[in-house]
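Chain and residue survey
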Amino acid sequence: MSDEKKLSTNTLAVRAGQVRGHEGEHSEPIFATSSFVFKNASEAAARFSGDEPGNIYSRFTNPTVRTFEQRLAAMEGGERCVGTSSGMSAILSTCLGLLKSGDHIVSSLSIFGTTVGLFDNILTKFAIETTFVDLIDYEAWEKAITPATRILFLETPSNPLLEIADISRLAEIAHKHGCLLVVDNCLSTPILQKPLALGADIVIHSATKYLDGQGRCVGGAVVGSEDLLGEDIFGFLRTAGTTMSPFNAWVFLKGLETLNIRMKAHCENAAILAQWLDQHDKVEKVYFPGLTSHPQHDLCKQQQSGFGGMVSFEVRGGKKAAWQAIDSTELFSITANLGDTKSTVTHPATTTHHRLTDEQRLEAGIKPELIRLSVGLEDVEDLKRDLETGLSSIS
Ligand SMILES: *Cc1c(COP(=O)(O)O)cnc(C)c1O
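Quantities reported herein were computed from a predicted structural model and do not represent experimental measurements. (Residues numbered from 1 in each chain as written. Predicted model: local features only at pLDDT ≥ 70, side-chain atom pairs only at ≥ 80, totals over all residues. Heavy atoms only, no water.)

What follows is about the overall build of the protein. For the protein, the helix and strand inventory stands at 15 helices and twelve strands. Against the 2.2 N^0.38 benchmark of 21 Å for 395 residues, the protein shows a C-alpha radius of gyration of 21 Å, consistent with a compact globule. Within the protein, buried positions represent 57% of all 395 residues. Intrachain contacts of the protein at a sequence separation of at least 6 include 73% that bridge at least 24 residues. As presented, the protein carries roughly 16,900 Å² of accessible surface, and 52% of it is formed by carbon and sulfur atoms. When the 36 basic and 49 acidic side-chain charges of the protein are each reduced to a single mean position, those positions are 3 Å apart. (Helix = DSSP H or I, 4+ residues; strand = E, 2+ residues; numbered from the N terminus. Rg over C-alpha atoms; globule rule 2.2 N^0.38 Å. Buried < 20%, exposed > 50% of the residue type's maximum accessible area, 1.4 Å probe, protein only. Contact = heavy atoms within 4.5 Å. Areas by Shrake-Rupley, 256 points an atom, 1.4 Å probe, with all protein chains shown as cover. Lys, Arg positive; Asp, Glu negative; His and termini not counted. Charge placed at Lys NZ, Arg CZ, Asp CG, Glu CD.)

Time to look at the side chain of Asp201. Mapped onto the secondary structure, Asp201 falls in the loop between helix 8 (189-192) and strand 6 (202-206). Despite being buried, Asp201 has no salt bridge partner; Arg150 is the closest side chain of opposite charge, sitting 13 Å away. Within the structure, Asp201 has its side chain in polar contact with the side chain of His175 (distance 2.8 Å). Reaching out from Asp201, the side chain makes a polar contact with the backbone nitrogen of Leu181 at a distance of 2.8 Å. Those residues in contact with Asp201 that sit more than four places away from it in its chain are His175, Cys179, Leu180, Leu181, Leu196, Val223, Gly224, Ser225 and Leu228. (Salt bridge = Lys/Arg side-chain N within 4 Å of Asp/Glu carboxyl O. Polar contact = N/O pair within 3.5 Å; in protein donor to acceptor, adjacent residues only side chain to side chain.)

Moving on: the sheet that holds strand 2 (residues 104-108). If you trace the seven strands from one edge of the open sheet to the other, you get 1-7-6-5-4-2-3, paired in mixed fashion. Each edge of the open sheet is held by one strand with a lone partner, namely strand 1 (80-84) and strand 3 (129-133). Strand-to-strand twist of the sheet, defined as the mean angle between neighbouring strand axes without regard to direction, takes the value 20°. Looking at chain direction, strand 6 and strand 7 (residues 220-224) are connected through five bridges and run antiparallel. Looking across to strand 7, one finds that Ser206 is bridged to Gly220. Lying over the sheet, helix 3 (residues 63-76) contacts strand 1, strand 6 and strand 7, oriented at roughly 130° with respect to strand 1. (Pairing = 2+ DSSP bridges. Axes fitted to C-alpha atoms, helices over the stretch in contact; angles between N-to-C directions.)

A word on helix 2 (residues 41-49). Taken as a whole, helix 2 has its buried residues at Glu43, Ala44, Ala46 and Arg47. Each buried residue of helix 2 lies within a common arc of 165° when the element is viewed along its axis, so the set occupies one face. Set apart from the buried face of helix 2 by more than 90 degrees, the exposed residues are Ala41, Ser42 and Phe48. (Arc of directions from axis to C-beta.)

Empty space within the largest pocket amounts to approximately 900 Å³. Forming the walls of the largest pocket are 39 residues, and the residues nearest its centre are Arg66, Gln70, Glu79, Arg80 and Cys81. Elements supplying a minimum of two residues to the lining of the largest pocket: helix 1 (9-15), helix 2, helix 3, strand 1 and helix 9 (226-240). (1 Å grid on protein atoms, 1.4 Å probe; cavity = no way out; pocket = protein on both sides within 12 Å on 5 of 7 lines; lining within 4 Å. Points joined across faces, edges and corners; volume = space filled by probe spheres on them.)

Next up on the list: the nonpolar core. By size, the foremost hydrophobic cluster in this structure holds 35 residues, and its most contacted members are Ile105, Phe119, Phe153, Ile202 and Ile204. Secondary-structure elements contributing two or more residues to this core are helix 4 (87-98), helix 5 (113-122), strand 4 (149-155), strand 6 and helix 9. When residues of this core are assigned to their parent elements, the largest contribution, five residues, is made by helix 9. If sequence neighbours within four positions are ignored, Ile204 has contacts with Gly87, Ala90, Ile91, Thr94, Phe153, Val182, Val183, Asp184, Asn185, Cys186, Ala221 and Val222. (Core = buried A, V, L, I, M, F, W, Y, C linked by side-chain atoms within 4.5 Å.)

Applying the stated criterion across every chain yields a total of six aromatic pairs. Measuring from ring centre to ring centre gives 6.3 Å for Phe288 and Phe307, while their planes differ by 65°; the resulting arrangement is edge-to-face. Taken as a pair, Phe288 in the loop between strand 8 (283-287) and helix 12 (297-303) and Phe307 in the loop between helix 12 and strand 9 (310-315) lie far apart in primary sequence, 19 residues in all. On the basis of relative accessible area, Phe288 is assigned to the buried category, the value being 2%. The side chain of Lys209 reaches across the aromatic face of Phe112, ending 4.8 Å from its centre. Taking the ring centre of Phe60 as reference, the NZ or CZ of Arg238 above it sits at 4.1 Å. (Phe/Tyr/Trp six-rings, centres within 6.5 Å; stacked < 30°, edge-to-face > 60°. Lys NZ or Arg CZ within 6 Å of the ring centre and 35° of its normal.)

This part covers a negative patch on the surface. A cluster of acidic residues, Asp134, Asp137, Glu139, Glu359 and Glu363, forms a negative patch at the surface. Inspection of the secondary structure assignment puts Glu359 in helix 14 (residues 358-363). (Patch = residues over 30% accessible without salt bridge, like charges linked within 9 Å, V, L, I, M, F, W, Y side chains within 5 Å.)

Let's shift gears to the site of the ligand. What surrounds the ligand is the set Ser86, Gly87, Met88, Phe112, Glu155, Asp184, Cys186, Ser206, Thr208, Lys209, Val218 and Gly219. One nitrogen or oxygen atom from the main chain of Met88 is found 2.9 Å from an oxygen atom belonging to the ligand. Relative to its unbound accessible area of 380 Å², the ligand is 91% covered by the protein chains. For the shell around the ligand, the class distribution of residues is four nonpolar, five polar and three charged. (Near = heavy atom within 4 Å. Nonpolar A, V, L, I, M, F, W, Y, C, P; charged D, E, K, R; others polar.)

All right, on to the domain arrangement of the protein then. Partitioning the protein into domains gives domain 1 (7-257) and domain 2 (259-392). Between the C-alpha centres of domain 1 and domain 2 there is a distance of 27 Å. Contact residues are listed per partner, giving 39 residues for domain 1 and 40 residues for domain 2. For the pairing of domain 1 and domain 2, the buried interface totals around 3,300 Å² over both sides, and the portion due to carbon and sulfur atoms is 60%. The largest share of the area that domain 1 buries against domain 2 comes from Leu161, Leu192 and Tyr210, three residues that together contribute 24% of it. (Domains from an automatic or database assignment. Buried area = accessible area lost by both parts, 1.4 Å probe.)

Okay, structure coming up:
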């Protein structure tokens, strides 16, 4: 499609990136092949030397993966996308592709627990240090920047407390100091938020979540400019092999086609449950950016086109009460995954965030009484009834 820029995100989600083959197939085919064949030795040589574009080996490029990459790049408004084997390998490929020993990251503390582990325990082995700051303390971000800082990293909304950071403001801070702003857009997807348009340099995805949307495959993606992604991040992936499988790419392509209507439905169900929980006498506090009481409600309305499908809340009675409520629900799946058609319930302090030290957990505001919901596409009245069963079980 030559005029992709003029098409809406919803159209791009269905159409972008597909090149129909000689069989005239309507749905994108899965190219389950590890390598590709050349017409002759001279074509092989030209491909290997880079003189001629084309497929060589599926560790680097594969047509199904490329279709996914082009579709997601078009939806995020980026020049280039690199599909990866998981969300974590998208973050790893970005860091190892762009950074070297001695470089420094400033990161929000309110990020996916495993990302904290990657920064704190793995990258430190290669002398890449990270300073963690409060997501919405903009002075702290700027103060933490040193001459060695290359990347500012964040998620907004944060998980599980759903704080909203001003992406434009952080982009300004990053660029003033010659740093790149990297935004993990997993919770919002390009349907609700486009970080690149707000000044971010790189967008990260765990495709495992809403992009798949039905809890089937693990995958990830990095989106940004050709300049940043072409040499360094794709170059890393091609050598290190953090590659997305063609089958998974195909599942994600099918996921993207329904992403718009799914996100709308997730948002609608989440908003109803958040308001209902907010009135419940067993509930101490609700975290949902769609509530007018949410401290960044106005910023969220400006920055996002919907409030998202995640709702977190604290029950009265600490960890015991939280576990009681979780164990007494029947419909909600007890799993750490999110962004699925099936609603899930998680106890962050003992699962997704158990690797944090007590101090880090306290600083990040993850209390033992906190419960996180990823609100799915079941009927919202059934979900309400199930949560009522859970909450009324608290002794
Ligand atoms: C799940 C998740 C990741 C990691 O993705 P995987 O596909 O599990 O490797 C990264 N960031 C966020 C916000 C996530 O929710």
